[in-house]
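# Structural overview for review
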Amino acid sequence: MRRKKHAQPPHVALIVETSKIYGREILLGIAQYQRVNGPWSVYTAERGQDEPEPAWLSGWKGDGIITRSLDKKLCRQAAARGIAVVSLRNLVEKPDFPTLFPDQTLIVRRIIDHFLERGFQNFAYVGVAGNRGWERQRRDAFLRILAERGCSNVSVRPTLAPPGLTWEEEQEALASWIRTLPTPVGIVVAHDTQGVQLLDGCRRAGIRVPDDIAVVSVDNDPVLCEVATPPLSSLDQNVQKLGYEAAAMLDQMMLGKKFAKQNYYFEPGQVVVRQSSDVLAVGDERLARSIRFIRENACKVIDVNAIARIAGMSRRALENKFVQQVGRTPLEEVQEVRFRRVRQLLLETDYVLPQIAELAGFQYQEYLVRFFKKRTGMTPGEFRRKKRFGST
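I will try to describe carefully the structure that is included in this document. (Residues numbered from 1 in each chain as written. Predicted model: local features only at pLDDT ≥ 70, side-chain atom pairs only at ≥ 80, totals over all residues. Heavy atoms only, no water.)

## As for helix α8 (residues 239–254)
The terminal C-alpha atoms of α8 lie 22 Å apart, and with 16 residues this matches the ideal 22 Å at 1.5 Å per residue to within 8%. Turning to α8, its buried residues number three or more, namely Val239, Leu242, Gly243, Ala246, Ala247, Ala248, Met249, Leu250, Asp251, Met253 and Met254. (Helix = DSSP H or I, 4+ residues; strand = E, 2+ residues; numbered from the N terminus. Expected span 1.5 Å × (residues − 1). Buried < 20%, exposed > 50% of the residue type's maximum accessible area, 1.4 Å probe, protein only.)

Here it is as structure tokens:
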């Protein structure tokens, strides 16, 4: 059946912040949709997350709105005039518009699975101030899933630090809390800015990351994640796809299709692993030392003998201990770290293959291509195109 089309390009207002990666990724997804299915006449402007709606919306006679505004008064008025509205903010029980949001339970489940795969048995969660629907869902899912998995060593901190403190006071309060946690512990934080602050608190408290405390946040802002020390693991919410689906829903609404005023949950992406959680929670200090050495040096020229010297044991003893406790050999661990580095560089940079090969520890790009295709069934170029521009 042929898709219905607009007689004239619809006029669409995008009330979406440009100050944060979440909003910019939404706009990219919308752009991808309308590039294929448009054109639209689009309004957008530089704006912060909590800026008020533009005043001209009160009398606007356009066709559709995609909004992440905090106060949706003018959007409600627009909907009353027959303008289609899709919301991408504020999870409430009875929304005023069709509302698309990443599935908070899946977000938490994927982060918990990430920690469990690495052997963690202690867990902590840091929330945000304010009574936010998405945060309540995420916190409740965190507690419920860990209870289902039989994990009882769980700590919840409502906010990163009490309100009204200076930056130095906040970090000292945070460091004091960190020192009370049993280690090794996996901590889930609400967003990447919190992750940066928490890792700084760990450094002040003299806590090793990721050996004693591993941290995973949500949003995967590449700038914030790399500003963090060490680089911050973060779940990618697949927000470009969210923007694409919001545009598709709005397009159908502008063509006359009705959608119920309810929350529509969207599948998020996966944890993008960086150094803050790239660890195995092993009890043997010599093995932990060798794993730490591999994680820090795998993309340089190292061999198993060098790893064994760092661990203070023979090569044979090291290989046996790795297989018993990690499930793979030291060489396979080196290859795993290099593979993750290649994958990260393909997805997060525009580097060409010779640059990626050098940064990931491959002498020649031909070695990299053969290695990567053996792991994924795709060349690096095919992988980059599929993950960036195709289905995820």
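## Concerning the side chain of Asn220
By the secondary structure assignment, Asn220 is in the loop between β9 (213–218) and α7 (222–227). Excluding residues that lie within four positions of it along the chain, Asn220 makes contacts with Asp192, Cys225, Ser234, Leu235, Asp236, Val272, Arg274 and Glu348. (Contact = heavy atoms within 4.5 Å.)

## Quick notes on the packing of helix α9 (residues 285–297) against helix α11 (residues 315–325)
Between α9 and α11, the least distance of the axes is 11 Å, while the angle of their chain directions is 90°. One way to sum up the angle between α9 and α11 is to call them roughly perpendicular. Taking contact as the criterion, the partners of Arg286, Leu287, Ser290, Ile291 and Ile294 in α9 are, on α11, Leu318, Lys321, Phe322 and Gln325. Per-class residue counts for the contact of α9 with α11 are five nonpolar, two polar and two charged. (Axes fitted to C-alpha atoms, helices over the stretch in contact; angles between N-to-C directions. Parallel < 35°, antiparallel > 145°, perpendicular 65-115°, else oblique. Nonpolar A, V, L, I, M, F, W, Y, C, P; charged D, E, K, R; others polar.)

## Digging into the environment of Gly150
Along the chain, Gly150 falls in the loop between α4 (133–148) and β7 (153–157). The class for Gly150 is exposed, based on a relative accessible area of 63%.

## Re the pairing of strand β8 (residues 185–189)
Burial analysis of β8 places five of its five residues in the buried class, which makes it a mostly covered element. Where burial is concerned, the two faces of β8 agree: the one with Val185, Ile187 and Val189 and the one with Gly186 and Val188 are both buried. Judged from the five bridges that link them, strand β6 (residues 122–126) and β8 form a sheet pairing that is parallel. Its bridge partner being in β8, Phe123 is matched across the sheet by Gly186. In this fold, the crossover linking β8 to β9 by way of helix α6 (residues 192–205) has right-handed handedness. (Pairing = 2+ DSSP bridges. Right-handed = clockwise from strand over helix to strand, strands pointing away.)

## Quick look at the sheet that holds strand β12 (residues 271–272)
On the basis of which strands lie adjacent, the open sheet formed by six strands has the order β7-β6-β8-β9-β10-β12 and mixed pairing. This sheet does not close on itself; its edge strands, each paired only once, are β7 and β12. Pairing of β9 with strand β10 (residues 233–235) involves three bridges; the strand directions are parallel. Within β10, the residue paired with Ser217 across the bridge is Ser234.

## Comments concerning unusual backbone geometry
In this structure, the amide linkage connecting Gly38 to the following residue, Pro39, adopts the cis form with an omega of 10°. Checked against the element boundaries, Pro39 lands in the loop between α1 (21–37) and β2 (41–43). Residue Thr183 is joined to Pro184 through a cis peptide bond whose omega torsion reads 0°. Among the secondary structure elements, Pro184 is positioned in the loop between α5 (167–179) and β8. In this model, Asp219 sits at a positive phi of 125°, which is unusual for a non-glycine residue. Looking at the element boundaries, Asp219 is found in the loop between β9 and α7. With a relative accessible area of 19%, Asp219 lands in the buried category.

## Concerning the pattern of salt bridges
In total, this model carries 25 salt bridges according to the counting rule given. One salt bridge in this structure joins Glu336 and Arg340, with 3.1 Å as the shortest N-O distance. Here Arg340 and Glu336 lie together in helix α12 (residues 330–348), a separation of four residues that amounts to about one turn. A relative accessible area of 17% places Glu336 in the buried class. Take Arg340: its relative accessible area is 21%, and that puts it in the partly exposed class. A cluster of three or more residues bridged by salt bridges with shared partners is formed by Asp278, Arg295, Arg328, Glu333, Glu336, Arg340 and Arg375. (Salt bridge = Lys/Arg side-chain N within 4 Å of Asp/Glu carboxyl O.)

## Brief notes about the nonpolar core
Grouped together as the largest cluster of nonpolar side chains are 24 residues, with contacts concentrated most on Ile30, Trp40, Ile66, Val86 and Leu250. When residues of this core are traced back to their parent elements, those giving at least two are β1 (11–15), α1, β4 (84–87) and α8. Of the residues forming this core, the biggest block, nine residues, is contributed by α8. Aside from chain neighbours lying at most four places away, what touches Leu250 is Val12, Trp40, Gly64, Ile65, Ile66, Ala84, Val85 and Val86. One finds Leu181, Cys202, Val209 and Val215 within the second-largest nonpolar core, a separate group that totals 21 residues. (Core = buried A, V, L, I, M, F, W, Y, C linked by side-chain atoms within 4.5 Å.)

## Considerations on the packing of helix α3 (residues 104–117) against α4
It is the contact of α3 with α4, at a shortest axis distance of 8 Å, that shows an interaxial angle of 45°. Relative to α4, the element α3 lies oblique. Like other packed secondary-structure pairs, α3 and α4 cross with a definite hand, here right-handed. Residues Gln104, Thr105, Ile107, Val108, Arg109 and Ile112 of α3 form the contact with α4, whose participating residues are Trp134, Gln137, Arg138, Ala141, Phe142, Arg144, Ile145, Leu146 and Glu148. (Left-handed = near helix turned anticlockwise from the far one by under 90°.)

## Here we look at the packing of aromatic side chains
In total, this model carries twelve aromatic pairs according to the counting rule given. Centre to centre, the rings of Phe115 and Phe120 are 5.5 Å apart; their planes meet at 70°, and the pair counts as edge-to-face. For Phe115, a relative accessible area of 0% translates into the label buried. A relative accessible area of 2% places Phe120 in the buried class. What links up through ring pairs into an aromatic cluster is the set Tyr33, Trp40 and Tyr244. Its guanidinium or amino end placed over the ring of Tyr244, Lys241 lies 5.3 Å from that ring's centre, counting from NZ or CZ. (Phe/Tyr/Trp six-rings, centres within 6.5 Å; stacked < 30°, edge-to-face > 60°. Lys NZ or Arg CZ within 6 Å of the ring centre and 35° of its normal.)

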